[in-house]
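Here is how the chains run, residue by residue.
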Amino acid sequence: MANPLHITAILAMSADGKISTDSEKPARFSSPQDLEHLEEQISLCDAIIFGANTLRAYGTTLTIKQAHLLAQREARKQTPQPINIVCSSSGKLEDHYRFFEQPIKRILLTTKEGKINWLNSINHTDKKILFNEYIITKNNQRKIDWQDTFNYLQNININRIGILGGGELIASILAENLLDDLWLTLCPVILGGKKAPTPVAGVHLKSPVPLELKEIKQIGEELFLHYQIKKINDQP
């Protein structure tokens, strides 16, 4: 019997509900404490998933460095670092990011057309492996089929998954009623801007998604909020 699948979104947000000033710019408003919190949450995951714009914004991924977190992963028989899965239906990515030099396993989640676009764009004279594997969605509408994707990941023993954004990716998973919980860091800053991205954007949700507050903690001026997603089939 397969282990249960658990999917968590982890992100930081300004007081006015923004996750960055622009979808392709990194968020630079959270604290060292929030980065420690993010590292701790990532350390629990078998894999993390983030979108192409998140890769473009940061150019790297957060790797686990704290010795006690690495020891805990070893005790749980996990690999030292979670698998990093980049989601891009178009496959239109650049290969110069430091992300491709980091000591992690990388997977590209894309479409058939996206894989072709990616392979046509990279420098084939370079012998290094950029993505170790590809997951090709079965959806024929150039969109990611999340239910099929998570079924595949669970079949290869990837059971705990962290979703790091951006907002459109999180919204697409919420729209399929697949997100289990949410860690949201509320940061003491106001960003403003009509085009500044929010935690959930780009996909119309059929109805509001209710949350149940499971945990709250304060460190300095930041609030760390842990919500359980009340899924449709769980509601009375």
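Residues numbered from 1 in each chain as written. Predicted model: local features only at pLDDT ≥ 70, side-chain atom pairs only at ≥ 80, totals over all residues. Heavy atoms only, no water.

**Section: the overall build of the chain**
Broken down by element type, the chain carries six helices and nine strands. Scaling as 2.2 N^0.38, a compact globule of 236 residues should have a C-alpha radius of gyration of about 18 Å, and the chain matches this with 18 Å. Each of the three principal axes of the chain carries a C-alpha extent, and together these read 50 × 45 × 40 Å. Expressed as a percentage of the 236 residues in the chain, the buried residues total 44%. Contacts in the chain between residues at least 24 apart in sequence constitute 74% of all its contacts with a sequence separation of at least 6. Approximately 13,000 Å² of the chain is accessible, and the part contributed by carbon and sulfur atoms is 52%. Once the 27 positive and 26 negative side-chain charges of the chain are each reduced to a mean point, those two points are 5 Å apart. (Helix = DSSP H or I, 4+ residues; strand = E, 2+ residues; numbered from the N terminus. Rg over C-alpha atoms; globule rule 2.2 N^0.38 Å. Buried < 20%, exposed > 50% of the residue type's maximum accessible area, 1.4 Å probe, protein only. Contact = heavy atoms within 4.5 Å. Areas by Shrake-Rupley, 256 points an atom, 1.4 Å probe, with all protein chains shown as cover. Lys, Arg positive; Asp, Glu negative; His and termini not counted. Charge placed at Lys NZ, Arg CZ, Asp CG, Glu CD.)

**Here's the deal with the pairing of strand 2 (residues 47-51)**
With respect to burial, strand 2 is a largely interior element, five of its five residues being buried. Covered by surrounding structure in strand 2 are Ala-47, Ile-49 and Gly-51 together with Ile-48 and Phe-50, the residues of both alternating faces. Of the pairings in the sheet, the one linking strand 2 to strand 3 (residues 83-87) comprises five bridges and is parallel in character. Bridge pairing in strand 3 places Ile-48 opposite Asn-84. When strand 2 meets strand 6 (residues 160-163), the two strands line up parallel, connected through three bridges. Its bridge partner being in strand 6, Ile-48 is matched across the sheet by Gly-162. (Pairing = 2+ DSSP bridges.)

**Structural notes on the environment of Cys-45**
Note that Cys-45 resides in the loop between helix 1 (32-43) and strand 2. Cys-45 sits 38 residues away from Ile-7 along the chain, and the two C-alpha atoms are 9.1 Å apart. Apart from residues lying up to four places away in sequence, Cys-45 is in contact with Arg-73, Gln-78, Pro-82, Arg-160, Ile-161 and Gly-162.

**Focus: the sheet that holds strand 9 (residues 222-229)**
Strand order in this open sheet of nine strands is 5-4-3-2-6-1-7-9-8, and the pairing throughout is mixed. Lying at the two open borders of the sheet, with one neighbouring strand each, are strand 5 (133-136) and strand 8 (211-219). Averaged over all neighbouring strand pairs, the angle between strand axes comes to 20°, with direction disregarded. Sheet analysis places strand 1 (residues 6-14) next to strand 6, joined by four bridges and oriented parallel. Within strand 6, the position partnered with His-6 by the bridge is Arg-160. On the sheet, helix 1 packs against strand 1, strand 2, strand 7 (181-187), strand 8 and strand 9 and is oriented at approximately 30° with respect to strand 9. (Axes fitted to C-alpha atoms, helices over the stretch in contact; angles between N-to-C directions.)

**Details of the nonpolar core**
In this structure, Ile-49, Trp-146, Phe-150 and Ile-163 are the most contacted members of the largest nonpolar core, which totals 31 residues. Once you skip the residues sitting within four places of it in the chain, Ile-49 turns out to touch Ile-85, Cys-87, Trp-146, Phe-150, Leu-153, Ile-161, Gly-162, Ile-163, Leu-164, Gly-165 and Leu-169. Within the second largest apolar cluster, 23 residues are counted, among which are Leu-38, Ala-52, Val-86 and Leu-130. (Core = buried A, V, L, I, M, F, W, Y, C linked by side-chain atoms within 4.5 Å.)

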